[in-house]
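# Coordinate inspection notes
One letter stands for each residue in the lines below.
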Amino acid sequence: MAVAKKKKQKNPVDLQSTVQEYFGTTYAKWTTDELKNHFGQDLIDLLYQISDPNGVWDPTTPEGRAGIERAFRATKYWDTYSSSVQLWDKKSEADKLESIGKTKRLIASKYGDLQFNDATLTDIATKISKGALDTIAQEQLIYSTAYTRQTSNVNKGVDVGQTEDATKLRMIAKKFNYNPSDLDQQIRSILTGETYAPAGAVITEEWLRNNAKMAAIGAYPHLKPQFDAGLTVDDVFGNYKSSVAKVLELDESQINFTDPKYAKFLGNSKNGQMSLGDVLTEVKTNPMYNFQFTKQANQDATDIGLAIARAFGKVG
């Protein structure tokens, strides 16, 4: 804790002057009640003692400074606020505004899709700057604010569930065909740091990935080695998707493992996965896949007809 190098003769009740000496100019114009609310009565009492020229501590001596340091550490303010908040309290107003402005620009750049108004952006930036929050804590604060705003009747903003980070989490679930009824609540817990009630704890992206994986293993136990190796259901199905799409002359987006007629390619515990060769035979011979309507099928039929005609001498 920084202290004055010279002992000054002050009025014993010169609280504002002592606050300014120890915590900077920000609080110089605060009332006594405002200072008490912020710092706590015990720290205010300590500042009164320090401001008393006849007090027990002489800040010009090592012993006096050490005594003041010990006294500060014993206050509720010291226990309640992190060192980052204590450092923030000592910054000048100009430095605080500069830090808040920089943080606001970073938030606006990365989370522009949340469309925060300036007041909300300033509040978030102040909390981040004051608490020196790490990246995860910043994200949780930002999304917690966005969800709270979304459920209020004022300035709802955009749908948080459609943001880039939420979409990323949904994609993880989708790749494993993981779609629990409370997926929205799981995503909210991951983004905001709020407790997910069924788990009794805050969950993470890794938690979601692992739960999705375990659900996939339950549905396709014979594919466990692939899932353990880091593949998703979508990854395993990928080779089938591109090959089947090519044969059926469809866009790959139309070949989805959630469709029962394609999901069968993944097989089951009794018979295992279908081989790619068996899959292609299936789509070409089973009418429900409509291979018979493709250009290739029509060309094949034409070629066969010509071959038969030639065999019987119908064409030259």
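These figures come from a predicted structure and were not determined experimentally.

Each value, and the rule that gives it
- Residues numbered from 1 in each chain as written.
- Predicted model: local features only at pLDDT ≥ 70, side-chain atom pairs only at ≥ 80, totals over all residues.
- Heavy atoms only, no water.
- Helix = DSSP H or I, 4+ residues; strand = E, 2+ residues; numbered from the N terminus.
- Buried < 20%, exposed > 50% of the residue type's maximum accessible area, 1.4 Å probe, protein only.
- Contact = heavy atoms within 4.5 Å.
- Areas by Shrake-Rupley, 256 points an atom, 1.4 Å probe, with all protein chains shown as cover.
- Axes fitted to C-alpha atoms, helices over the stretch in contact; angles between N-to-C directions.
- Left-handed = near helix turned anticlockwise from the far one by under 90°.
- Nonpolar A, V, L, I, M, F, W, Y, C, P; charged D, E, K, R; others polar.
- Core = buried A, V, L, I, M, F, W, Y, C linked by side-chain atoms within 4.5 Å.
- pLDDT = per-residue confidence, 0-100.
- Salt bridge = Lys/Arg side-chain N within 4 Å of Asp/Glu carboxyl O.
- Parallel < 35°, antiparallel > 145°, perpendicular 65-115°, else oblique.
- Phe/Tyr/Trp six-rings, centres within 6.5 Å; stacked < 30°, edge-to-face > 60°.

It is worth spelling out the overall build of the chain at this point. Within the chain, the regular secondary structure consists of 17 helices and zero strands. Among the 316 residues that make up the chain, the fraction classed as buried is 36%. Taking contacts inside the chain between residues at least 6 apart in sequence as the whole, the part at least 24 apart equals 52%. Of the roughly 18,100 Å² of accessible surface on the chain, a fraction of 52% belongs to carbon and sulfur atoms.

Attention shifts here to the packing of helix α14 (residues 233-248) against helix α16 (residues 276-285). Orientation of α14 relative to α16, taken along the N-to-C sense of each, is 35°, at an axis distance of 10 Å. α16 is crossed by α14, and the crossing has right-handed handedness. Residues N239, Y240, S243, V244, V247 and L248 of α14 touch α16, and the partners they reach there are L276, V279, L280, V283 and K284. Considered class by class, the residues forming the contact of α14 with α16 number eight nonpolar, two polar and one charged.

Turning our attention to the nonpolar core. Side chains of a nonpolar character, in soluble globular proteins, are inclined to be buried together. Formed by 53 residues in total, the largest nonpolar core has its most connected members in F227, F265 and L266. When residues of this core are assigned to their parent elements, the largest contribution, eight residues, is made by α14. Contact partners of L266, with chain neighbours within four places excluded, come to Y220, H222, L223, V233, V236, F237, Y240, F257, G272 and Q273. In terms of nonpolar packing, the next biggest core, distinct from the first, is built from 17 residues, L35, L43, I50 and F72 among them.

This brings us to unusual backbone geometry. Not every positive phi belongs to a glycine, and N177 is a case in point at roughly 60°. Turning to its location among the elements, N177 is positioned in the loop between α10 (164-175) and α11 (183-192). By relative accessible area, N177 is classed as partly exposed at 41%.

Taken residue by residue, the chain gives an average pLDDT of 79. The fraction at 70 or more is 82%. Per-element mean pLDDT across the chain ranges from 49 in helix α17 (residues 295-311) up to 93 in helix α12 (residues 205-219). Residue range residues 1-12 is modelled with pLDDT below 50. Its contacts to residues more than four positions away, or to other chains, number 31 contacts. The model gives residues 301-316 a pLDDT under 50, and that stretch makes five contacts with residues more than four places away or in other chains.

Let us look at the pattern of salt bridges. Going through the model one piece at a time under the given rule, you end up with 11 salt bridges. The salt bridge involving K127 is made with D123; its shortest N-O contact spans 3.3 Å. Here the residue K127 and the residue D123 both occupy positions in helix α8 (residues 118-131), the gap between them amounting to four residues, near one helical turn.

Moving on: the packing of helix α1 (residues 15-23) against helix α3 (residues 41-51). Direction vectors running N to C along α1 and α3 enclose 100°, while the axes themselves pass 9 Å from each other. With respect to α3, the element α1 is oriented roughly perpendicular. When α1 is examined against α3, the residues L15, T18, V19, Y22 and F23 are found in contact with a partner set consisting of L43, I44, L47, Y48, I50 and S51. Tallied by class, the residues present in the contact of α1 with α3 amount to nine nonpolar, two polar and no charged.

A word on the side chain of S243. Residue position: S243 is located in helix α14. Beyond its immediate stretch of four places on either side in the chain, S243 contacts L276 and L280.

Moving on, we come to the side chain of K241. Locating K241 in the fold gives a position in helix α14. On the basis of relative accessibility, which here comes to 17%, the residue K241 falls in the buried class. Excluding residues within four positions of it along the chain, K241 makes contact with D234, E252 and I255.

Structurally, A173 can be placed in helix α10. In this structure A173 comes out as buried when scored by relative accessible area, which is 1%. Separated by 40 residues in sequence, A173 and K213 have C-alpha atoms that sit 8.9 Å apart. If we skip the residues at most four places from it in the chain, A173 touches Y178 and L183.

Moving on to the packing of aromatic side chains. On inspection of all chains with the given rule, the structure shows nine aromatic pairs. Judged by centre distance (5.6 Å) and plane angle (70°), the rings of Y196 and W207 are edge-to-face. Of this pair, Y196 sits in the loop between α11 and α12 while W207 sits in helix α12, and the two are 11 residues apart along the sequence. On the basis of relative accessibility, which here comes to 7%, the residue Y196 falls in the buried class. Judged by relative accessible area, which is 25%, W207 ranks as partly exposed.

Looking now at the environment of V244. Within the secondary structure, V244 is located in helix α14. Placed 45 residues apart in sequence, V244 and Y289 show a C-alpha to C-alpha distance of 9.8 Å. Ignoring sequence-local partners within four residues, the contact set of V244 consists of I255, Y262, F265, V279, L280 and V283.

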